[in-house]
Each structure stands twice: as C-alpha cells, then as structure tokens.
Amino acid sequence: MGKKVVNTNCEVCPQYNAKGLKKLGVNIENTDFVVALAGNPNTGKSTVFNALTGLRQHTGNWPGKTVVRAEGAFEYNSKKFKLVDLPGTYSLLSTSQDEEVARNFILFGKPDVTVIVVDASRLERNLNLVLQILEITNRAVLCLNLMDEAKRNNIEIDERTLARDLGIPVVPTSARFNKGIPELITTINEVANGNIVCKPHRIKNVPKNIDNAVKKLSEEIKLQFPNIPNSRWIAFRLLEGDTRIIDALKTNEFV
Amino acid sequence: MSNKSVKDLIELSNELRWQIGDDFHDNLIEGIYADASQIVSDTVKSDKGNKKLRLEAKIDKIITSKMWGFPLMFLILGTVLWLTIIGANYPSSMLATLLLDNIHPVLKSGAASISMPWWLDGFLIDGVYLALAWVIAVMLPPMAIFFPLFTLLEDFGYLPRVAFNLDYLFKKAGAHGKQALTMSMGFGCNAAGVVATRIIDSPRERLIAIITNNFSLCNGRWPTQILIASIFIGAVVPESLSGLASVGAVIGIAILGMGFMFLSSWALSKTVLKGEVSTFNLELPPYRPPRFWKTIYTSLIDRTLIVLWRAMVFAAPAGAVIWLVSNINIGDHSIAFWMIDSLDGFGWMLGLNGVILVAYIVAIPANEIVIPTILMLTVLVTGIAGGEGAGVMFELDSANATGDILKAGGWTLLTAVNLMLFSLLHNPCSTTIYTIYKETRSVKWTTVASLMPVFMGFVVTFLVAQIWRLFS
C-alpha cells in the first residue's frame, strides 16, 4: 500500500506489480473472460476470491462454508475477468448438490480459465480433484495456496516439476497475506489470452480393459461431436451411467 | 446432432459397461489416487515427524475425546456467553441513556416546537423511533461481543471438531453427521443453516437437517435468552453467582435445543423419513491462528451490522403497528387490548400470557423484536408510569428496569422460564420459512418445518406450567 520508493528488482517486475489490476467487486457486466475458482473445501478459495475481487465473501475455517456460487470481477490490463467461486468439493464424481454445481459450471459454463486452489500441505489428497478437473478442461492454473502453513510444517514443493507433471502453470500463494496474488493474476491472464498453452495431465493408471473401452467410446464421441475438448471424460461418465451427461448429450448442451 | 447418433453412443456405452464390469468406478478412483501419489512422490519433500503436526494431533485427541470433548465444548460456549452477558451491560446502559434519556426528549420538544400533530408525533417518535432505539440499545452490545468471539472460534478451526464430537449422536438419530455443521451455522442464523444443508447429499437426511435446524438458537434469539436469563434466573441466586446462573440457564436452553434436534431427527427418521444413514469423511482442518483484527472487523460488518439492520428494518414498522393498535379503539378499548385479552387465557395455560403470544405474532418477520414488543405491550396493558401514553415506550436504562416493568406486568419465574422455552420452540422467522420453501420446493415440508416447533413449544410450556403450578 502506498509504496513509492522502488527498492528491489522484484518491485519493477510486471509480475510483482500487477499494475493493471482493478478490483471490480460485484460489477460483472461485459466481461471478456470467465474464470472459475475450484478446489477442495477449506483451502482458502473464498480468500483468493476476496483478494482478487476486493469483495468480502465470508470465509471460515471449516469445510463446506461456500455452498452457492459467488461471482465477482476484476480488471487487468484493460481486460475484464468474471470470477466465479465454486463450492468446495473433494471430487466431481458423486451427485451431492455442491459437487454438481461445481461440475456443471466447469463442464457447461466453459470457463476460459479454471483456477484450482489446493492446500499446499495436503497436496496428495487435493490432487484427486485436480486430476478430475484436468480431464474436463484444458485451461487451468494450479494455485498452491496456504504456502505459509506448508513452510511452517517444513513441507517443500518442487513447483516446476509439479507444473510439468500436471501440464499447467503452478503459482504458490498465501492468499490470507496477499502473497502470490499478483503472480496469480498475470498467470490467469496469460492462460486466458492463450499465451500459455496447457497440456493437462490425463489419468494414467487405468486398467487395460477400461482404458480400451474408454478409448473406443471417446473416439466415437469425437466423431459425433468434433468440438468437445473432453471426450475422454464424457466417456468416463457415460460408462458410469451418469444421467445428467446423457441428458446433456440428448439436448445438445455440448455443442 | 441427430438423436440417432446420441442413441448409438448411449447404446455403445451400455454395451461397454457390461464388458468392463462393476469395478469401473473403483478402478477409476484407484487410478486417480495412484497418479496423485506418483506426482507427490516426485515433487513434495516433508519431514514426517513434524513437531507442529504432532502438537495438533495431541490437541485434537483431547478436544475430540469421549471424556473431554463435551465438557470442553460447554466450557468454551459458556465462556463466550459469560463474556457477552457481563460485557454487554455497560455499553447497553450507555446507549440507553444516550438514545432514550437524551435524544428522545430533544426529538419530542423539536416536534412540539414545529407543532407537529399529536398522532404524527406519537406515530413517528413514540412508535418508530423508540422501537429502533430499543433494538439498538439492547441488541447491539451483546451482538458486537458475541459474534466476533464466535467468528474467532470458527476461524480457529473449532467448529469441525464440534461436528466430529456430535457425529455419533446424529448417526444414532438416523441423521447425517454433516448436520452438526449445519446446526452450528444455525446458531448464527437459521436461514443460513438451511442453505448450508446443501452439503448433505442424501435428500432424506437433508430434509431432516432442514426441518430441525430451527432448534439451533439463532442470532435473533440469543439476546432474548441472555436478557431474560440475567433478569430472572440471575435474580434467584445470590448476587455473586448470578452471572454464572444466567450463563448456565442460557447454555441449558441451547443444549435442550440440541436435544430436541436429536429427538425430532430421530422421530422423523423412524417415521416419515425412513432410510439408511450415509457415511462420509469429515476433514479436521488445521488449527489456524485467526487474523484477529480482520476477524473482528468482518464479523462486526458482516454479522452484527447486518443482523442489527434487519432488526431495525422490522422493528420500525412493528413499532408503528404497535403504536397504532394501541391507539385505535374498538368499543371501549384499543385493538391491542382486545388481542391480548383474547389470548390471555391460552397464554396462562402455557405459563405465558397474552402479551407474549401477541408479541410472537407481531414478531414473525424477525425474532429480534420479540422483547421490545413484549415490553411495549406490557407497558400498554399495565399502564406503568414512565410510558408517556398508549403504545409509548418507557425509558430503560438497565436490565433491572426491564425486570421491574415485566414484574409489574405479572411476570413470575415461571413466565421467564417458559418464555425462554417458547423462544427456543416456536415457528422459524419468515425469512427462514421462505428459505425452507426455496430449498425444498415443497409446501408440505415447509408447513411441517414451520408448525412442528410451535406445536412442540405449546406442549412443552403447557407441561412445565402444569407441573410448576402443582408444586408451587
């Protein structure tokens, strides 16, 4: 706040300043990009949301605080971003209402970027959801939040390797203390504009027979719906007998 | 896209599903976990014997233990309530002096100097203004203390531990363990608690959670409980113990509420909402030192001021309505008199009185205004000095003054106890009722959720009154 003297190289870097940032609060009209905020419960999604939009969504230290979609906006380099805070979920494979809200938005809302907020100290548990989301969307950013806590717990994360393994940019943050937020914004911007192209990880450890079935079905889906980016995931859902997805196919929601 | 090709796709998927067998879902999830652990083993380094984690585990072991879990819970809740009751006294009387002793006369003489007609002056200054002043003086201080403390607990990570402790009881009652979380939300606001039930995936268990959420004492009712307990319960014990006794009474009511929640959840799950209990994982989040000032700030803005605003929005018209019904006569008496008179018999049976029942009808939009309404109506029917005319509130500078008014209105310890019970067991406020309808989309369940608690309230207060009178 009110910094005038430039001391370090960091502070002249555009990454650090995120100069073009304007928090727009609930003013979500005429936005250029839609950004979804997904993640496990209690990873600080709402805190990230508040840091980006300047809103004061209530946050709390317990899973399940956000059950409805909250929306806000910010402007960066004269592009307007609409930010949608999704309910925190552990997975997208069951049918509780919060999971369905999150799943349907990523699938049908077709956000330009999906920011997946994870708890850096509990990465393995959080990756379950990350890997599912990466089956659905090609444009995602991993927000490695609660870094302060991870550091206190002596957990070290090799962010570069993680980014390479997941095939998406990784940004470490401590949203409670506004750390890493400028970097997050520039990364969101880069992905939205297509300057960063993601090659998301796809689930590998699938038994051969299932893999074959999925491939076969997925090919067929691609044939019928050439524009679907996530034919493999839809194949997973069809094999599971997900009626919502079957209905969506019938009513052409994927086109 | 033609329907035929979609049909083909679905047929193909059905066929393939047969081929790959039942284990598909489990296999897929195992695959995801295998991928995740592979990635983590390549990227994360941590020392397992971490001291802080071990300390957290130790704290959790105590807080969630069979032996200490509940006593600690009551102790923490008790401390919060005690701080609220003790701390709210001084600012309350200061605000009352300012708003009622200083500003009210100024407004009155101001109105007289521009020769405002008596009915407009009464309607605006004695009706609307006094109701607002009362709500602010009595409700703002306890809320400004209670909500920040509660929010600090929440941010620290205590709520999921409460849920963990209660999970077992909910399961016994045939309900979902996550109901413990929605119940805790209900301690803030029942409408919010009802919305929070979306985290429960089984419709049956969700319905149970929605219907029984009203048994969590909400924002609007904590101040009523705290006030009545400090006036009446605190007064029956020696003064040095009065704070403790009032806190005990309020906690008792809150626990009784939980008891009713379990009981009615159990009854519902054994009768109209039969079914299996589903299992789930509850994550105990790490303890996080709350960001103190930020929490204070947001809880003041987001909770205290919003609740106060709501109370004022409803209190202002209620004040006006009360002034009107007490100044418009039918026959020899005012409308208010007739209403109270006709409900007095029924009220007496419940160990309450007509004033309280009328107040609860007036207060359907918001629980927050029950006490102000009761006071105004009591002054009206008893004609206590201090009231400057029909439907005009008196000057009230302390809880004791409130007590004197109520005692003059024929209140006994039984009235106080039953009011506390009835405040726990009555219909949800209109906002909550509307939220229940929005969430369930069912007139039937909304009706059940609205009427069941009132009915229970009638039964419980009736029984208490009969037994009380038998022994006293």
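Our structure is the block above this text.
To start, this report covers the structure provided alongside it. As the structure is a computational prediction, the values presented were derived from the model and not from experiment. Sequence order sets the numbering: in each chain, residues are counted from 1 along the sequence as written. The order in which chains are written sets their letters, starting at A; the order in which ligands are written sets their numbers, starting at 1. The predicted nature of this model means local features are confined to residues of pLDDT at least 70 and side-chain atom pairs, given and counted, to a pLDDT of 80 or more, with totals for whole chains, interfaces and linings taken over all residues. Calculation of side-chain values draws on the structure's entire complement of heavy atoms; hydrogens and water are dropped beforehand.

### Focus on the overall build of chain A
Part 1 of the reasoning: Secondary structure elements follow DSSP: runs of H or I of four or more residues count as helices, runs of E of two or more count as strands, with numbering from the N terminus. When its secondary structure is counted, chain A shows 11 helices and eight strands.
Part 2 of the reasoning: Here chain A holds 255 residues, and 60% of them are scored as buried.
Part 3 of the reasoning: Pairs at least 24 residues apart make up 68% of the contacts formed inside chain A by residues separated by at least 6 positions.
Part 4 of the reasoning: The protein chains shown are the only cover counted for residues, whose accessible areas, like all others here, come from Shrake-Rupley with a 1.4 Å probe. Looking at chain A as shown, the accessible area adds up to about 10,700 Å², and 49% of this sits on carbon and sulfur atoms. Note on classification: 1.4 Å probe, protein chains only; a residue is buried when its accessible area is under 20% of the maximum for its type, exposed when over 50%, partly exposed between these limits. It only takes one pair of heavy atoms within 4.5 Å for two residues to be counted as in contact.

### Side note on the packing of helix 6 (residues 159–172) of chain B against helix 11 (residues 239–270) of chain B
All names here are of chain B.
Part 1 of the reasoning: Helix axes are fitted only over the stretch in contact, all axes being lines through C-alpha atoms; the angle between N-to-C directions runs from 0 to 180 degrees. For the pair helix 6 and helix 11, interaxial distance at closest approach is 9 Å and the crossing angle is 35°. Here helix 6 contributes Leu166, Leu169, Phe170 and Lys172 to the contact with helix 11, which in turn contributes Met261, Phe262 and Trp266.
Part 2 of the reasoning: Each residue gets one of three labels, nonpolar for Ala, Val, Leu, Ile, Met, Phe, Trp, Tyr, Cys and Pro, charged for Asp, Glu, Lys and Arg, and polar for the others, Gly among them. Here the contact of helix 6 with helix 11 is composed, by residue class, of six nonpolar, no polar and one charged.

### Observations regarding the nonpolar core
Residue and element names in this part refer to chain B.
Part 1 of the reasoning: In terms of nonpolar packing, the biggest core is built from 111 residues, with Leu81, Ile228, Ile374 and Leu419 touching the most fellow members.
Part 2 of the reasoning: By residue number, the principal contributor to this core is helix 5 (residues 118–156), which donates 16 residues.
Part 3 of the reasoning: Contact partners of Ile374, with chain neighbours within four places excluded, come to Val355, Ile356, Ala359, Leu406, Trp411 and Leu419. Here, nonpolar core refers to any group of buried Ala, Val, Leu, Ile, Met, Phe, Trp, Tyr and Cys residues whose side-chain atoms link them within 4.5 Å.

### What to know about a nonpolar patch on the surface
Residues and elements named next belong to chain B.
Part 1 of the reasoning: Candidates for patches are residues over 30% relative accessible area with no salt bridge; among them, like charges are joined within 9 Å and nonpolar side chains (Val, Leu, Ile, Met, Phe, Trp, Tyr) within 5 Å. By definition here, a salt bridge exists when the distance from a side-chain nitrogen of Lys or Arg to a carboxyl oxygen of Asp or Glu is within 4 Å. Among the surface-exposed residues, Phe346, Trp348, Met349, Phe455, Val459, Phe462, Leu463, Ile467, Leu470 and Phe471 lie close enough to one another that they form a single nonpolar patch of about 1,100 Å² accessible area.
Part 2 of the reasoning: Those elements giving two or more residues to the nonpolar patch turn out to be helix 13 (335–349) and helix 19 (443–471).
Part 3 of the reasoning: Among the elements that make up the nonpolar patch, the one with the highest residue count is helix 19 (seven residues).
Part 4 of the reasoning: Among the secondary structure elements, Phe455 is positioned in helix 19.

### Section: the packing of helix 9 (residues 208–224) of chain A against helix 10 (residues 231–240) of chain A
Residues and elements named next belong to chain A.
Part 1 of the reasoning: Viewed as axis vectors pointing N to C, helix 9 and helix 10 meet at an angle of 115°, and their least axial separation amounts to 8 Å. Note that helix 9 runs across helix 10; the crossing there is right-handed. On helix 10, the residues touching Asp211, Ala213, Val214, Leu217, Ser218, Ile221 and Lys222 of helix 9 are Ser231, Arg232, Ile234, Ala235, Phe236, Leu238 and Leu239.
Part 2 of the reasoning: Within the contact of helix 9 with helix 10, the residues separate by chemical class into nine nonpolar, two polar and three charged. Left-handed describes a crossing whose near helix is turned anticlockwise from the far helix through less than a right angle; right-handed describes the clockwise counterpart.

### Thoughts on the pairing of strand 5 (residues 113–119) of chain A
Residue and element names in this part refer to chain A.
Part 1 of the reasoning: Counted residue by residue, strand 5 has seven buried out of seven residues, so it is predominantly covered.
Part 2 of the reasoning: As defined by bridge partners, strand 2 (residues 33–39) adjoins strand 5 across five bridges and the pair is classed as parallel. Looking at strand 5, one finds that Leu37 is bridged to Val115.
Part 3 of the reasoning: Pairing between strands requires that DSSP locate at least two bridges from one strand to the other. In this structure, strand 5 lies alongside strand 6 (residues 140–145), joined through six bridges in parallel fashion.

### So, the interface of chain B and chain A
Part 1 of the reasoning: Counting residues at the interface gives 60 residues for chain B, matched by 67 residues for chain A.
Part 2 of the reasoning: Carbon and sulfur atoms make up 60% of the surface buried where chain B meets chain A, a total of about 6,200 Å² over both sides.
Part 3 of the reasoning: At the surface where chain B touches chain A, the tally comes to one salt bridge.
Part 4 of the reasoning: Under the rule applied, a polar contact is a pair of N or O atoms within 3.5 Å (in protein, one hydrogen donor and one hydrogen acceptor; residues adjacent in sequence only if both atoms are side-chain atoms). In this assembly, chain B and chain A are joined by nine residue pairs in polar contact (both at pLDDT 80 or more).
Part 5 of the reasoning: Broken down by element, the side of chain B that touches chain A gets its largest block of residues, 17 residues, from helix 2 (residues 24–43) of chain B.
Part 6 of the reasoning: Split into classes, the residues belonging to the side of chain B that touches chain A amount to 31 nonpolar, 13 polar and 16 charged.
Part 7 of the reasoning: Taken together, the three bridges between strand 7 (residues 155–157) of chain A and strand 1 (residues 44–46) of chain B define a ladder with antiparallel strand orientation. Of the residues in strand 1 of chain B, the one forming a bridge with A:Ile157 is B:Val44. By buried area we mean the combined loss of accessible area, with a 1.4 Å probe, across both parts when two parts are placed together.

### A few points about the side chain of A:Thr114
All names here are of chain A.
Part 1 of the reasoning: On the secondary structure map, Thr114 appears in strand 5.
Part 2 of the reasoning: Classification of Thr114 as buried rests on a relative accessible area of 0%.
Part 3 of the reasoning: What Thr114 contacts, discounting residues up to four positions off in sequence, is Ala36, Ala38, Ile106, Ile133, Thr137, Arg139, Ala140 and Val141.

### A few points about the pairing of strand 4 (residues 79–85) of chain A
Residue and element names in this part refer to chain A.
Part 1 of the reasoning: In terms of residue burial, strand 4 counts as a mostly covered element, since six of its seven residues are buried.
Part 2 of the reasoning: Looking at chain direction, strand 3 (residues 70–76) and strand 4 are connected through seven bridges and run antiparallel. Within strand 4, the residue paired with Tyr76 across the bridge is Lys79.
Part 3 of the reasoning: Taking the residues that link successive antiparallel strands as the turn, the strand 3-strand 4 hairpin has two residues, and the phi of Asn77 there is positive, at about 50°.

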